[in-house]
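# Secondary and tertiary structure notes
Chain residues, written in single-letter form:
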Amino acid sequence: MSYRLWHRVVVHALLGEDRTELGEQDQLDPVAVDALIGAERERVLQVWHERLAAGLAWPVPPTPELSTGLPWAQYATAVHRTRVRHDLQGAPARARAFRPPDDPQTRHLMADRPPHW
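These lines cover the structure that appears in this document, whether it is placed above or below. (Residues numbered from 1 in each chain as written. Predicted model: local features only at pLDDT ≥ 70, side-chain atom pairs only at ≥ 80, totals over all residues. Heavy atoms only, no water.)

### Topic: the overall build of the protein chain
- In terms of helices and strands, the protein chain carries 6 helices and 0 strands.
- When the helices and strands of the protein chain are read in sequence order from the N terminus, they spell out α-α-α-α-α-α.
- Sequence-distant contacts, at least 24 apart, represent 59% of the contacts inside the protein chain between residues at least 6 apart.
- Surface summary for the protein chain: the accessible area is close to 8,000 Å², and the carbon and sulfur share equals 55%. (Helix = DSSP H or I, 4+ residues; strand = E, 2+ residues; numbered from the N terminus. Contact = heavy atoms within 4.5 Å. Areas by Shrake-Rupley, 256 points an atom, 1.4 Å probe, with all protein chains shown as cover.)

Structure below.
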């Protein structure tokens, strides 16, 4: 059995919703997917920011229905290439650098670290 939900799974990864109206395909048609993602770019960016703020994964992992029989390497490549074509790489906001608490106990522990640090 070959996978047939290419457009649905790639669009789901970027929009977080299963567009059943996209039907089935034997293979991914990047032009068709690009047209949809291009038309919904603002929505894609909104989903991206909302999921990041909520601490959720983006691109959105496929649902059990979409992932059944999914060739994962081809899926990851398809999503990556779509993101590159639409300049959707990287994080929309920088993560804050970790800073240990500045209290006497932490300063003592940091000063007492091995010499190879």
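### Points about the nonpolar core
- Membership of the largest hydrophobic core comes to 24 residues, with the highest contact counts inside it found for Tyr 3, Val 9, Ile 37, Val 44, Trp 58, Tyr 75 and Leu 88.
- Of all the secondary-structure elements, those providing two or more residues to this core are α1 (6-15), α2 (30-39), α3 (41-53) and α5 (72-85).
- Not counting residues within four places of it along the chain, the set of residues in contact with Trp 58 comprises Ala 13, Leu 14, Val 44, Val 47, Trp 48, Arg 51, Arg 83 and Leu 88. (Core = buried A, V, L, I, M, F, W, Y, C linked by side-chain atoms within 4.5 Å. Buried < 20%, exposed > 50% of the residue type's maximum accessible area, 1.4 Å probe, protein only.)

### Digging into the pattern of salt bridges
- Throughout the structure, instances matching the rule amount to 8 salt bridges.
- Its salt-bridge partner being Asp 26, residue Arg 4 comes within 2.0 Å of it at the nearest N-O pair. Of this pair, Arg 4 sits in the segment before α1 while Asp 26 sits in the loop between α1 and α2, and the two are 22 residues apart along the sequence.
- For Arg 4, a relative accessible area of 32% puts it in the partly exposed group.
- Look at Asp 26 and you get exposed, because its relative accessible area is 57%.
- A salt bridge links Asp 18 to Arg 8; its shortest N-O distance comes to 2.6 Å. With Asp 18 in the loop between α1 and α2 and Arg 8 in helix α1, this residue pair connects regions lying 10 residues apart in the sequence.
- The exposure class of Arg 8 is buried, given its relative accessible area of 7%.
- Salt bridges here are not isolated pairs; linked through shared partners, they connect Glu 17, Arg 19, Glu 40 and Arg 43. (Salt bridge = Lys/Arg side-chain N within 4 Å of Asp/Glu carboxyl O.)

### With respect to the packing of aromatic side chains
- Summed over all chains, the structure comprises 3 aromatic pairs.
- Aromatic pair Trp 48 and Trp 58: ring centres 4.6 Å apart, planes at 15°, arrangement stacked. With Trp 48 in helix α3 and Trp 58 in the loop between α3 and α4 (64-67), this residue pair connects regions lying 10 residues apart in the sequence.
- Using a relative accessible area of 8% as the deciding quantity, one classes Trp 48 as buried. (Phe/Tyr/Trp six-rings, centres within 6.5 Å; stacked < 30°, edge-to-face > 60°.)

### Regarding unusual backbone geometry
- Pro 59 follows Trp 58 through a cis peptide bond whose omega is 0°.
- Note that Pro 59 resides in the loop between α3 and α4.
- The phi dihedral of Asp 87 falls on the positive side, at around 55°, and the residue is not glycine.
- Looking at where Asp 87 falls in the secondary structure, it is placed in the loop between α5 and α6 (104-111).

As far as function goes, none of this settles anything; it's purely spatial.
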